[in-house]
Amino acid sequence: ARMTDLTAQLAAAERELEFTRGTVDAKDRELANLQVAMEMFNADEEARGRMSLESSALREKNAHLSAELSVAKEQVTAANTRASAAEEDAKEERGKAEVAAAEMQRAIVEAGK
């Protein structure tokens with residue numbers, strides 16, 4: 001009877017050991033999956049960090065280009081203003097030259113009489 005009890009206890013202990021090994025194996029698989037998920041999360045975090053830096057750099061570049069564009073627009077406006085003034089001056093000078101030419105023409109005609 002004692003031997004039977006010991007055999008039964010040994011069999012129960014072996015079943016418990018098998019169950020525990022199965023549980024440990026399942027936990028090992030779960031841990032491996034969690035490690036993969038953590039690696040993926042870390043890679044995503046690194047990518048988000050790089051994208052954030054790139055985004056900041058692009059915002060800074062955009063601000064710089066906007067400032068350059070504003071300066072260029074001011075330069076174009078100033079150049080257009082100077083060109084318009086020069087055009088008006090040229091029209092005024094042409095008008096004066098036409099008047100002078102007409103007066104000379106009259107003087108020539110008068111001198112020829």
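Residues numbered from 1 in each chain as written. Predicted model: local features only at pLDDT ≥ 70, side-chain atom pairs only at ≥ 80, totals over all residues. Heavy atoms only, no water.

Asker: So what's going on with the pattern of salt bridges? Residues and values would help.
Answerer: For the structure shown, the criterion picks out eight salt bridges. A salt bridge links R21 to E18; the nearest nitrogen and oxygen atoms lie 3.4 Å apart. Of the two residues, R21 and E18 both sit in helix α1 (residues 2-112), three residues apart, roughly one turn of that helix. Measuring nitrogen to oxygen at the nearest pair gives 3.9 Å for the salt bridge that ties E88 to K91. Highlighted residues: E88 and K91, both in helix α1, separated by three residues, approximately one helical turn. On the basis of relative accessibility, which here comes to 49%, the residue E88 falls in the partly exposed class. Judged by relative accessible area, which is 42%, K91 ranks as partly exposed. Through salt bridges that share partners, E87, E88 and K91 make up one connected network. (Salt bridge = Lys/Arg side-chain N within 4 Å of Asp/Glu carboxyl O. Helix = DSSP H or I, 4+ residues; strand = E, 2+ residues; numbered from the N terminus. Buried < 20%, exposed > 50% of the residue type's maximum accessible area, 1.4 Å probe, protein only.)

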